[in-house]
Amino acid sequence: MLTGAEIRWLSEGDVRSAWELETAGYPPEEAASLESLRYRQREAGELFQGYYINTKLIGFVCGTRCFADYLTEASMKVHEPGGPTVCIHSVCVDVTWRRKGVALSLLQHYIRAIAQNQTDVQRICLLSHQSLLPLYTKAGFNNIGFSAVVHGPDKWYECILNMERC
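Small disclaimer: the values here were computed from a predicted structure and weren't measured.

J.: It is not clear to me how unusual backbone geometry should be interpreted in this structure. Could you clarify?
T.: Backbone geometry follows two general trends: most residues other than glycine have a negative phi, and most peptide bonds adopt the trans configuration. Here the phi dihedral of Asn54 falls at roughly 50°; this positive angle occurs in a residue that is not glycine. Tracing the backbone shows Asn54 in the loop between strand S2 (48-53) and strand S3 (56-66). In the Ramachandran plot, Arg99 falls in the positive-phi region, its phi being about 65° despite a non-glycine side chain. Relative to the helices and strands, Arg99 resides in the loop between strand S4 (85-93) and helix H3 (102-117). Classification of Arg99 as exposed rests on a relative accessible area of 83%.

Here it is, written out as structure tokens:
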């Protein structure tokens, strides 16, 4: 981790800052709304982590749980407590901090926290554009091919990490 860095659960007070990172980091058709991020923090706060440098949020990862084995439009809309699958919705890092290991460090911390605190989780799923596949495979995810989920004009790949390996 970087000097002065801390990874911790994102508080309700930091959701707006996360949304600002989200809207700056994703095209409008892919970015989550402020209300969606508030919902995820409220309902699945144990799956919403922030990366802070000297108390400033510079990145985050958030997810929800579902009973599906993979990502679907429906599984990405509602948090289903007790579901065996964690669906990561966003991995976002401020543009000035990209390519410095923040996203990888955040993902590794996130995976460890789930393995330690949510032992009933069987898998973590996420969608990726082709350009980010190396990041996710380095974090331990397997690319299983194109996803049926559509968000914007570009194709998405589905990546899965089986927790029995962690």
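J.: How do you make sense of the nonpolar core when you look at a structure like this?
T.: Looking at soluble globular proteins, one finds that nonpolar side chains tend to be buried together. Judged by nonpolar contacts, the single largest core of 31 residues is most densely connected at Tyr51, Val86, Ile88, Leu107, Ile114, Ile124 and Phe141. Residue assignment for this core shows that the elements contributing at least two residues are strand S1 (5-9), S2, S3, S4, H3, strand S5 (123-128), helix H4 (133-138) and strand S7 (157-162). When residues in this core are grouped by element, the largest group, eight residues, is from H3. The residues contacting Leu107, other than those within four sequence positions of it, are Val61, Ile88, Val91, Leu135, Tyr136, Ala139 and Phe141. Counting 14 residues, the second-largest nonpolar core is a separate cluster that includes Leu10, Tyr26, Leu34 and Leu37.

J.: I'm lost on the layout of surface pockets in this one. Help?
T.: In this approach the atoms are scanned with a rolling probe the size of a water molecule, which exposes any empty space left behind. The computed volume of the largest pocket comes to approximately 1,100 Å³. Of all elements in the fold, only helix H1 (15-25), helix H2 (34-43), S4, H3, S5 and H4 reach the threshold of two or more residues within the lining of the largest pocket. For the lining of the largest pocket, the leading source of residues is S4, giving six residues. In terms of residue class, the lining of the largest pocket is made up of 20 nonpolar, ten polar and ten charged.

J.: Explain the sheet that holds S5 here, please?
T.: Remark on secondary structure: sheet strands pair via backbone hydrogen bonds, oriented parallel or antiparallel. Read from one edge of the open sheet, seven strands run S1-S2-S3-S4-S5-S7-S6, paired in mixed fashion. With partners counted over all chains shown, the strands left at the sheet margins are S1 and strand S6 (142-146), one partner each. Looking at each pair of strands side by side, their axes are set apart by 25° on average, direction ignored. Sheet topology note: the S3/S4 ladder contains eight bridges and is antiparallel. Residue pairing for S4: Phe60 is matched across the bridge by Cys92. Against the sheet, H1 contacts S2, S3 and S4, and its axis sits at roughly 90° relative to S3. The strands touched by H2 are S2, S3 and S4; relative to S3, the strand with the most contacts, the crossing angle is about 70°.

Conventions used here
Residues numbered from 1 in each chain as written. Predicted model: local features only at pLDDT ≥ 70, side-chain atom pairs only at ≥ 80, totals over all residues. Heavy atoms only, no water. Helix = DSSP H or I, 4+ residues; strand = E, 2+ residues; numbered from the N terminus. Buried < 20%, exposed > 50% of the residue type's maximum accessible area, 1.4 Å probe, protein only. Core = buried A, V, L, I, M, F, W, Y, C linked by side-chain atoms within 4.5 Å. Contact = heavy atoms within 4.5 Å. 1 Å grid on protein atoms, 1.4 Å probe; cavity = no way out; pocket = protein on both sides within 12 Å on 5 of 7 lines; lining within 4 Å. Points joined across faces, edges and corners; volume = space filled by probe spheres on them. Nonpolar A, V, L, I, M, F, W, Y, C, P; charged D, E, K, R; others polar. Pairing = 2+ DSSP bridges. Axes fitted to C-alpha atoms, helices over the stretch in contact; angles between N-to-C directions.

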